[in-house]
Amino acid sequence: MKQQRARYVCQSCGYQSAKWLGRCPECGEWNSMVEELVTPVSKLDLPESPPIPIDAIETRDLPRLKTGLSELDRVLGGGIVPGSAILIGGAPGIGKSTLMMQTLSYLSGQKVPTLYVSGEESAEQIKLRANRLGISSPFLYILTENALEAILRGIEKARPKVVVVDSIQTLYTGEIPSAPGSVSQVRETAGRLVHLAKRENLAIFIIGHLTKEGAIAGPRLLEHIVDTVLYFEGEKGHNHRILRAIKNRFGSTNEIGVFEMQERGLAEVSNPSQVFLAERPTNVPGSVVISTLEGTRPILVELQALVTPSSLALPRRTSIGIDPYRLALLVAILEKRVGLNLGHQDIFFNVAGGIRVDEPGADLGIIVAIASSLLNKAVPFKCILLGEVGLTGEVRSINQPEIRLIEAKKMGFDKAILPKNNIRHIKYKDLEIIGVKVIKEAFQYLF
Ligand code: TYD
Ligand code: MG
């Protein structure tokens, strides 16, 4: 048995202190210190590697396993890299277990041995889900277990190439006395799983729950020890799910995967624009469509603003799907540069379909949506808006305008308002393109 000491450990970042503190000095979290018996973390016995000159390093394409879900493959950077550890975070009920079950189902169908470890559900519950998804394969093993040592033995027995651990918060190792889900348990169990993945060259998906603040419960340090961190998101009451890479050692972090939760599992949404515009109202003030880039993929989304007279001394500014600071900034620009008076108006802002937009290319769309609601004038139905807006009210160029225009055209749009600086580089002329240098020019055209 290793030597143990009682320590106060921050449940958010893993900071340790000999005495209790109200606020973690490392991450600033309040009330996060919990007493744990800490055991020195086991050392990884990886082989030593000497420094080598960079031109002696050979590169090769990483072999990747396809998951059968091209949306998931895209987010992973082209498929699963053997020997990698992937953390999947998401709120309870969002569909993490379903996504993983479908992935293992496809892989086992390709005769890749797979193992699904569940510390949350009984074998019957898992089988029920599998039946619902129509899954059955001799290459898919199920293990219901919480003890890390037993899981490691199970992995040795089943010799899988891909393992799913559902979820990290339910695992514990007997070597540490703290409760499952505590920082020391999460760190130790995850660390050993990652180590195993590297040593045995098998891919491990680790499912993690999100706290109500939106971080993966327990520790941010979990994000450091894995190769890839994916978040599975979706709005309550919507069936769309978005898979996003937060960190990826084997691919880009810009890509998103879009799914829809259906009666029989997650279906891929290969044309997200269609989904996000499906319920768009016709010719209503306050509704605007932009073409936003998510990684390499343009997606059309609808922005909605509702501007109403406020009865409050400090009018409300509420935003869903965009950064509230960005909203405040753009409102200030509208007041100062266009002369609209929003000081006595509540502003509610929403990105339809539960998607989040955080690229500056959405600025012009946001501004126009607010103005459209305030002035009670609709924007032409088949017109999209693109452009970053600067503090002086100038409309600045955006990256890759052409693929955004092509997507708009594909979805039946025939007009685009674009930053003037972008126009001379654009060869695509299938839509009517209106170039603007300042916001006012766009307003003259629209209102
Ligand atoms: P689940 O994968 O268990 O979520 P998580 O592991 O992230 O907690 O999915 C739970 C929800 O998905 C549940 O409310 C039922 C729904 N669901 C479907 O709508 N269709 C399906 O085929 C399945 C398996 C689940
Ligand atoms: Mg689950």
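Procedures and definitions
Residues numbered from 1 in each chain as written. Chains lettered and ligands numbered in written order. Predicted model: local features only at pLDDT ≥ 70, side-chain atom pairs only at ≥ 80, totals over all residues. Heavy atoms only, no water. Buried < 20%, exposed > 50% of the residue type's maximum accessible area, 1.4 Å probe, protein only. Helix = DSSP H or I, 4+ residues; strand = E, 2+ residues; numbered from the N terminus. Pairing = 2+ DSSP bridges. Right-handed = clockwise from strand over helix to strand, strands pointing away. Axes fitted to C-alpha atoms, helices over the stretch in contact; angles between N-to-C directions. Contact = heavy atoms within 4.5 Å. Near = heavy atom within 4 Å. Polar contact = N/O pair within 3.5 Å; in protein donor to acceptor, adjacent residues only side chain to side chain. Areas by Shrake-Rupley, 256 points an atom, 1.4 Å probe, with all protein chains shown as cover. Nonpolar A, V, L, I, M, F, W, Y, C, P; charged D, E, K, R; others polar. Phe/Tyr/Trp six-rings, centres within 6.5 Å; stacked < 30°, edge-to-face > 60°. Parallel < 35°, antiparallel > 145°, perpendicular 65-115°, else oblique. Left-handed = near helix turned anticlockwise from the far one by under 90°. Patch = residues over 30% accessible without salt bridge, like charges linked within 9 Å, V, L, I, M, F, W, Y side chains within 5 Å. Salt bridge = Lys/Arg side-chain N within 4 Å of Asp/Glu carboxyl O.

Engineer: I'd love a proper account of the pairing of strand β7 (residues 162–166), names of residues and values included.
Structural biologist: Judged by how many residues are buried, β7 sits mostly within the fold: five of five residues are covered. Of the two faces of β7, the one carrying Val162, Val164 and Asp166 and the one carrying Val163 and Val165 are both buried. Where strand β5 (residues 114–118) lies against β7, five bridges are found, and the strand directions are parallel. Bridging from a neighbouring strand, Ser118 pairs with Asp166 of β7. With five bridges joining them, β7 and strand β8 (residues 203–209) adopt parallel strand pairing. Bridge pairing in β8 links Val162 to Ala203. Once you follow β7 into helix α5 (residues 183–200) and on to β8, the crossover reads as right-handed.

Engineer: Any chance you could break down the sheet that holds strand β14 (residues 297–309) for me, citing the residues and the numbers?
Structural biologist: The strand order across the open sheet built from seven strands is β15-β16-β14-β13-β17-β20-β21, with neighbouring strands paired in mixed fashion. Either end of the sheet is taken by a strand with one partner, and the two such strands are β15 (317–320) and β21 (432–436). Pairs of neighbouring strands in the sheet enclose a mean axial angle of 25°, with direction left out of account. Packed on one face of the sheet, helix α8 (residues 324–338) meets β15 and β16 (345–351) and runs near 130° to β15. In the packing of helix α12 (residues 439–446) onto the sheet, the strands contacted are β17 (383–385), β20 (415–419) and β21, and the crossing angle to β21 comes to about 140°.

Engineer: Explain the site of ligand 1 to me, and be specific about the residues and the numbers.
Structural biologist: In the region of ligand 1, 16 residues are neighbours, and Gly93, Ser97, Thr98, Arg129 and Gly265 sit closest. Separating a nitrogen atom of ligand 1 from a backbone N or O atom of Gln262 is a distance of 2.7 Å. In this structure, Gly265 approaches ligand 1 through a main-chain N or O atom, which is 2.6 Å from an oxygen atom. Out of a free accessible area of 560 Å², ligand 1 has 75% covered by protein chains. Broken down by secondary-structure element, the contributors of at least two residues to the shell around ligand 1 are α2 (96–109), α3 (123–133) and β11 (256–262). In the shell around ligand 1, the residues fall into five nonpolar, six polar and five charged.

Engineer: Could you give me a rundown of the packing of aromatic side chains, with the residues and numbers involved?
Structural biologist: With the rule as written, the count across this model stands at two aromatic pairs. Between the aromatic rings of Phe232 and Phe259, the centroid separation amounts to 6.0 Å while the plane-to-plane angle is 80°, which identifies the pairing as edge-to-face. Here the residue Phe232 occupies a position in strand β9 (residues 228–233), and Phe259 occupies one in strand β11, the gap between them amounting to 27 residues. Under the relative-accessibility criterion, Phe259 is labelled buried at 0%.

Engineer: Mind laying out the packing of α2 against α3, listing which residues take part and the relevant values?
Structural biologist: At a minimum axis separation of 11 Å, α2 and α3 run at an interaxial angle of 65°. By the angle between their directions, the pair α2 and α3 is classed as roughly perpendicular. Here α2 runs over α3; the crossing is right-handed. Of the residues in α3, those touching α2 at Ser97, Thr98, Met101 and Gln102 are Ile126, Arg129, Ala130 and Leu133. Tallied by class, the residues present in the contact of α2 with α3 amount to four nonpolar, three polar and one charged.

Engineer: Please provide a residue-by-residue account of unusual backbone geometry, values included.
Structural biologist: Each neighbour pair has its own omega, and for Asp166 with Ser167 the value is -5°, a cis peptide bond. You can see Ser167 is positioned in the loop between β7 and α5. Of note in the backbone geometry, Lys111 takes a positive phi value of approximately 70° without being a glycine. Mapped onto the fold, Lys111 is located in the loop between α2 and β5. In the Ramachandran plot, Asn201 falls in the positive-phi region, its phi being about 55° despite a non-glycine side chain. Tracing the backbone through its elements, the reader meets Asn201 in the loop between α5 and β8.

Engineer: Before we move on, can you summarise a nonpolar patch on the surface with the specific residues and values?
Structural biologist: The grouping of Ile52, Ile54 and Ile57 at the surface amounts to a nonpolar patch, some 350 Å² of accessible area in total. Tracing the chain through its elements places Ile52 in the loop between β3 (33–38) and α1 (70–76). For Ile52, a relative accessible area of 55% corresponds to the exposed category.

Shape descriptors only; they carry no functional weight alone.
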